[in-house]
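Working through the structure, step by step
One-letter residues, chain by chain:
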Amino acid sequence: MIKVLTLTSLFPNSVQPTHGVFVRQRLQHLVGAHDVAIRVVAPVPWYPPFVPGPARYTQYRGAPDLETIGPFTVSHPRYVVLPKVGMSAAPALMVTSILPFVRRLVASERFDLIDSHYFYPDGVAAAWIAARVGLPLVITARGTDINLIPKYSVPRRQILWAAAKAAAIITVCDALRDEMIGMGVAAAKITTLRNGYDPSAFHPVDRDAARRALGFSGTTLLSVGHLIERKGHHIVLEALAGLPDFNLVIAGSGEMEAELKARARRLSLDGRIRFEGTVEQAKLKQYYSAADALVLASSREGMANVLIEAIACGCPVVATSFWGTPEVVRSRQAGVLVDERTPAGIADGIRRLFADLPERSATLRYSEQFRWEPTSRGQLAIFEAIKRAAPRRA
């Protein structure tokens, strides 16, 4: 058996059950299919009690120190955050806060390696910690940690340092791998293992029944994700204004909620737009099955899970052709790519999709290539190679 210590802040907790759920899904399939045991350390931000602050930090106050999530024992040690001013110091703050806890855990249990997800600050902090506890390290790059954060000079240097220290690097798409190589990271160290989906969680349900249950009527588009600028819900709203025969359902919550609702009113979209708030993972298959298409107007993604989930439910997509998205939407069976991230570009993509809409059965067949097993086999091979290469510990 390979014993892994996973260190990442991208992991669910009882107050944020969907946070980092894509990391949990990948690891859960790995331990379910192979002889791997994983102990999870998922640090959460510490914010002073009784002090008002941003919800993205204060909501973690309710996270327990220790909990069981699926097959995993998960610890949530606290680390100090400095909102707005602490980006460059974030890895050091995380290390200072959680290293004593990790040292005790490593002293009490025998691990073969540390597995970290998201390069900054998590991967950088994990590189410091791995050196101090004497374990090899694997870091997975997932999106903005490589396609956005390295634009800042100090984080970029730290990311390159951590990449040099890592025994292996995983990227969720070739676009991120190419970017890392362009940054100067050794190509031989990087393996692309894309995101996948669990067919027991994402599969078509009865379409008519789902539409009735959700109250969908007419041709309905779906936009899923955090209500932030990067996800592009505002662009989809603007596109909808020029598509009078379409309705839109937005599933997600976030800082732009009030702005998006105000924009919908200004565009006179009442009656054609619904804001569903956060939809739990178990119910998303109903939305994908009921919708006529998913629209993703994101400015950057690693490999967007919503695209894979949608096509796994037979729902075709319209998506902006950035970063890893073209690696998902490679065929008309999956949907249409849009080169122009504008309302006009999104509207044109929707028209093109519906001018030649694929059969939902064809979209479903296309999705089968994105199941988790190839990713699990690739991850297992990396872990086994690291274990073989590591010196034996007494």
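Everything quoted here is computed from the prediction, not taken from an experiment.

Turning our attention to the overall build of the chain. A count of helices and strands for the chain gives 15 helices and 16 strands. Taking 21 Å as the expected radius of gyration for a compact globule of 394 residues, we find that the chain reaches 21 Å, a close match to that expectation. Principal-axis analysis of the C-alpha atoms places the extent of the chain at approximately 70 × 50 × 40 Å. A burial count over the chain gives 54% of its 394 residues as buried. Long-range pairs, those at least 24 residues apart, make up 71% of the contacts in the chain between residues at least 6 apart in sequence. Surface accessibility of the chain: about 16,400 Å² in total, with carbon and sulfur atoms responsible for 53%. Taking the average place of the 47 positive charges on the side chains of the chain and the average place of its 35 negative ones, the gap between the two points comes to 6 Å.

Reading across the sheet, the six strands line up as 13-12-11-14-15-16 and stay open at both edges, with parallel pairing between neighbours. Strands with a single pairing partner mark the edges of an open sheet, and in this sheet they are strand 13 (273–277) and strand 16 (335–338). The mean inter-strand angle of the sheet, taken between neighbouring strand axes irrespective of direction, is 20°. Pairing geometry for strand 14 (residues 293–296) and strand 15 (residues 317–320), over three bridges, is parallel. Along strand 15, the bridge assignment pairs Leu294 with Val317. Contacting strand 11 (219–224), strand 14 and strand 15, helix 12 (residues 305–312) runs over the sheet at an angle of about 170° to strand 14.

Right, let's get into the pairing of strand 4 (residues 66–69). Of the two faces of strand 4, the one holding Glu67 and Ile69 is buried and the one holding Leu66 and Thr68 is not buried anywhere. Connecting the antiparallel pair strand 4 and strand 5 (residues 72–75) is a turn made up of two residues, with Gly70 showing a positive phi of about 60°.

A word on the sheet that holds strand 7 (residues 113–117). Sheet architecture is open: eight strands sit in the order 4-5-2-1-7-8-9-10, paired in mixed fashion. Both edges of this open sheet fall to strand 4 and strand 10 (190–192), since each of them pairs with a single strand only. Each adjacent strand pair in this sheet contributes to an overall mean axis angle of 25°, direction not counted. Relative to strand 10, strand 9 (residues 168–171) runs parallel, the two sharing three bridges. Residue pairing in the sheet places Ile170 in a bridge with Thr191 of strand 10. Across the face of the sheet, helix 7 (residues 174–183) comes into contact with strand 8 (137–141), strand 9 and strand 10 while running at roughly 165° to strand 10. Sitting on the sheet, helix 15 (residues 373–389) touches strand 1 (2–7), strand 2 (36–41), strand 7, strand 8, strand 9 and strand 10, and the angle it makes with strand 1 is about 110°.

This part takes up a nonpolar patch on the surface. On the surface, Trp46, Val80 and Leu82 cluster together into a nonpolar patch covering about 260 Å² of accessible area. Mapped onto the elements of the fold, Trp46 is located in strand 3 (residues 44–46).

Next up on the list: the packing of aromatic side chains. Aromatic rings in a pair are described by how distant their centres are and how their planes are angled relative to each other. Per the counting criterion, the structure on display carries six aromatic pairs. Centroid distance Phe11 to Phe72: 5.9 Å. Interplanar angle 80°. Geometry classified as edge-to-face. Separated by 61 residues along the polypeptide, Phe11 in the loop between strand 1 and helix 1 (21–33) and Phe72 in strand 5 bring together distant segments of the chain. An identical accessibility class is assigned to Phe11 and Phe72; each is buried. Relative to Tyr288, the ring of Phe202 has its centre 6.3 Å away and its plane inclined at 55°; by these criteria the two rings are tilted.

Criteria and cut-off values
Residue indices begin from 1 for each chain and proceed along its sequence in written order. Two thresholds apply to this predicted model, a pLDDT of at least 70 for residue-level local features and 80 or more for giving and counting side-chain atom pairs, whereas whole-chain, interface and lining totals are computed over all residues. To obtain the side-chain values, all non-hydrogen atoms of the structure were included, while hydrogens and water were left out. Helix numbers and strand numbers start at the N terminus; a helix is a DSSP run of H or I with at least 4 residues, a strand a run of E with at least 2. What the globule rule says is 2.2 Å times the number of residues to the power 0.38, and the radius of gyration is computed from C-alpha atoms. To sort residues, take the accessible area from a 1.4 Å probe on protein chains only and compare it with the maximum for the residue type: under 20% means buried, over 50% means exposed, and anything in between is partly exposed. Contacts are assigned to residue pairs with any non-hydrogen atoms lying within 4.5 Å of each other. All accessible areas in this document rest on Shrake-Rupley with a 1.4 Å probe, and a residue is counted as covered only by the protein chains that are shown. Within this scheme the basic residues Lys and Arg register as positive and the acidic residues Asp and Glu register as negative, but His and the chain ends are omitted. A single reference atom marks each charge: NZ on Lys, CZ on Arg, CG on Asp, CD on Glu. By the convention used here, strands pair only if DSSP detects at least 2 bridges between them. The angle between two axes is taken between their N-to-C directions and runs from 0 to 180 degrees, where each axis is a line fitted to C-alpha atoms and a helix contributes only its stretch in contact. Exposure above 30% relative accessible area and the lack of any salt bridge qualify a residue for a patch; like charges then connect within 9 Å, and the nonpolar side chains Val, Leu, Ile, Met, Phe, Trp and Tyr within 5 Å. Salt bridge, as used here, is a side-chain nitrogen of Lys or Arg placed within 4 Å of a carboxyl oxygen of Asp or Glu. Aromatic pairs are defined between Phe, Tyr and Trp rings, using the six-membered ring for Trp, whenever the two ring centres lie within 6.5 Å; interplanar angles under 30 degrees are classed as stacked, those over 60 as edge-to-face, and all others as tilted.

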